[in-house]
Amino acid sequence: MKPTEKTPILLERLHEAHPDARYELNWSTPFELLVATILAAQCTDERVNRVTATLFQKYPGPQALADADSTALEEDLKPTGFYKQKTKAVQAMSRALLSQFGGEVPRTVDELVTLPGVARKTANVVLNTAFNLASGIIVDTHVARVSQRLGLTKHDKPEAIEEDLMRLVPQEQWTFFGPATVLHGRYTCTAKKPKCAECIIRDICPRVGV
Ligand code: SF4
């Protein structure tokens, strides 16, 4: 089956399995989602949510994070791992957001990726999730793995995978496809020992590399 034939079936099954698919990071403003997404690198969403529950009360907005004492902030971010780099990244991003955008999270990928520590994936997470803008498709480790195993892409680089997916998935489905595929990858098509026997798309999956 060709990728163009597979994709509508995949979308239908994902809608059945994850009708309300959403990114699992907690946030109440676009800025909070931006920070949480930076903290989620090499860390589980669950752990990030535990940290941000108090972090966002302590530092409510970019000015507070930019002005924060770095040593104290490192302690706050320690449970998310790589806390020294993350402290630097979050503070540099907050300062740039204040100086370049008056503290407001911009609504385009091109503007977002000018912020330190913000790559295309993070930009898409914020635009797809906080603004419901179909700016592109979120390609994280889960989306990359599922897309490769399903034979939707032969690429390894996130940008190239995203281009393949944007050609296959209708744009009005982009904001759904990313979070739904993240959930499929996180809970079924896991990196080690994927649960193929109980997978909702096993009949259309060539299981490339499994
Ligand atoms: S059949 Fe297996 S490899 Fe294919 S998507 Fe499902 S879990 Fe992943």
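Please refer to the structure higher up on the page.
Within each chain, residues carry numbers counting from 1 in the order of the written sequence. Per-residue local features of the predicted model are confined to residues with pLDDT of at least 70, and side-chain atom pairs are confined, for both listing and counting, to 80 or more; whole-chain, interface and lining totals are unaffected and use all residues. Remark: hydrogens and water are excluded; side-chain values derive from all non-hydrogen atoms of the structure.

**Details of the overall build of the protein chain**
Turning to step 1, where the next piece is worked out: When you go through the protein chain residue by residue, the secondary structure sums to 11 helices and zero strands.
Turning to step 2, where the next piece is worked out: The globule rule used for comparison is 2.2 Å times the number of residues to the exponent 0.38, while the radius of gyration itself is calculated over C-alpha atoms. Taking 210 residues into account, the globule formula puts the C-alpha radius of gyration at 17 Å, and the protein chain, at 18 Å, falls close to it.
Turning to step 3, where the next piece is worked out: For the protein chain, the C-alpha atoms occupy an extent of roughly 55 × 30 × 30 Å along the three principal directions.
Turning to step 4, where the next piece is worked out: Buried means the residue's accessible area, taken with a 1.4 Å probe over protein chains only, is under 20% of the maximum for its type, while exposed means over 50%, and partly exposed covers the values in between. The proportion of buried residues among the 210 residues of the protein chain is 48%.
Turning to step 5, where the next piece is worked out: In what follows, residue pairs with any heavy atoms lying within 4.5 Å of each other are defined as contacts. The long-range fraction of contacts in the protein chain, counting pairs at least 24 apart against all pairs at least 6 apart in sequence, stands at 62%.
Turning to step 6, where the next piece is worked out: Total accessible area computed for the protein chain in this model is approximately 10600 Å², and 52% of it derives from carbon and sulfur atoms. Each helix corresponds to a stretch of at least 4 residues labelled H or I by DSSP, and each strand to a stretch of at least 2 residues labelled E; elements are numbered beginning at the N terminus. The protein chains shown are the only cover counted for residues, whose accessible areas, like all others here, come from Shrake-Rupley with a 1.4 Å probe.

**Describing the site of the ligand**
Turning to step 1, where the next piece is worked out: We call a residue near a molecule or strand whenever a single non-hydrogen atom of that residue lies within 4 Å of it. As a structural note, the neighbourhood of the ligand is formed by Arg-149, His-184, Cys-189, Pro-194, Cys-196, Cys-199, Ile-201, Arg-202, Cys-205, Arg-207 and Val-210.
Turning to step 2, where the next piece is worked out: Note on residue categories: nonpolar means Ala, Val, Leu, Ile, Met, Phe, Trp, Tyr, Cys or Pro, charged means Asp, Glu, Lys or Arg, and polar means any other residue, Gly included. Across the shell around the ligand, the residue classes tally to seven nonpolar, one polar and three charged.

**Some points on the pattern of salt bridges**
Turning to step 1, where the next piece is worked out: Each reported salt bridge corresponds to a side-chain nitrogen of Lys or Arg within 4 Å of a carboxyl oxygen of Asp or Glu. One pass over the full model with this rule turns up eight salt bridges.
Turning to step 2, where the next piece is worked out: Between Arg-13 and Asp-203 there is a salt bridge, with the nearest N and O atoms lying 2.8 Å from each other. Taken together, the positions of Arg-13 in helix H1 (residues 3–17) and Asp-203 in the segment after helix H11 (174–187) put the pair 190 residues apart, joining distant regions of the chain.
Turning to step 3, where the next piece is worked out: Here Arg-13 falls in the partly exposed class, since its relative accessible area comes to 21%.
Turning to step 4, where the next piece is worked out: A salt bridge links Lys-78 to Glu-75; the nearest nitrogen and oxygen atoms lie 3.4 Å apart.

**Notes on unusual backbone geometry**
Turning to step 1, where the next piece is worked out: With a phi angle near 55 degrees, Gln-42 is a residue other than glycine that sits in the positive phi range.
Turning to step 2, where the next piece is worked out: Mapped onto the elements of the fold, Gln-42 is located in the loop between helix H2 (30–39) and helix H3 (45–58).
Turning to step 3, where the next piece is worked out: Positive phi is not limited to glycine here, since Arg-207 has a value of about 55 degrees.
Turning to step 4, where the next piece is worked out: Note on placement: Arg-207 falls in the segment after H11.
Turning to step 5, where the next piece is worked out: For Arg-207, a relative accessible area of 43% translates into the label partly exposed.

**Points about H1**
Turning to step 1, where the next piece is worked out: Expected helix span is taken as 1.5 Å per residue step, with the number of steps being one fewer than the number of residues. In this model H1 runs 20 Å from its N-terminal to its C-terminal C-alpha over 15 residues, within 8% of the 21 Å that 1.5 Å per residue would give.
Turning to step 2, where the next piece is worked out: Considered for burial, the residues of H1 that qualify are Lys-6, Thr-7, Leu-10, Leu-11 and Leu-14. The buried residues of H1 occupy an angular sector of 140 degrees when the element is viewed end-on, so they sit on one face.
Turning to step 3, where the next piece is worked out: For H1, the elements touching its buried residues are helix H10 (158–168) and H11. Read the arc as the range of directions from the helix axis to the C-beta atoms.

**Some words on the side chain of Thr-175**
Turning to step 1, where the next piece is worked out: As for its placement among the helices and strands, Thr-175 is situated in helix H11.
Turning to step 2, where the next piece is worked out: When sequence neighbours within four positions are dropped, the list of residues in contact with Thr-175 reads Asn-128, Asn-132, Leu-133 and Ala-134.

**Considerations on the environment of Thr-52**
Turning to step 1, where the next piece is worked out: Here Thr-52 shows up in helix H3.
Turning to step 2, where the next piece is worked out: On the accessibility criterion, Thr-52 (3% relative accessible area) is buried.
Turning to step 3, where the next piece is worked out: For the pair Thr-52 and Asn-26, spaced 26 residues apart in the sequence, the C-alpha separation amounts to 7.9 Å.
Turning to step 4, where the next piece is worked out: If we ignore the near neighbours within four places in the chain, the residues touching Thr-52 are Asn-26, Ala-36 and Leu-39.

**So, the packing of helix H9 (residues 141–149) against H11**
Turning to step 1, where the next piece is worked out: Here an angle of 0 to 180 degrees is reported between the N-to-C directions of two axes, which are lines fitted to C-alpha atoms, with helices fitted over the stretch in contact. At a closest axis distance of 8 Å, the pairing of H9 and H11 adopts a crossing angle of 80 degrees. On the basis of their axis angle, the class for H9 and H11 is roughly perpendicular. Of H11, the residues touching H9 (which contributes His-142, Val-143, Arg-145 and Val-146) are Gly-178, Thr-181, Val-182, His-184, Gly-185 and Arg-186.
Turning to step 2, where the next piece is worked out: By residue class, the composition of the contact of H9 with H11 is three nonpolar, five polar and two charged. Here the word oblique covers every angle except those under 35 degrees (roughly parallel), over 145 (roughly antiparallel) and from 65 to 115 (roughly perpendicular).

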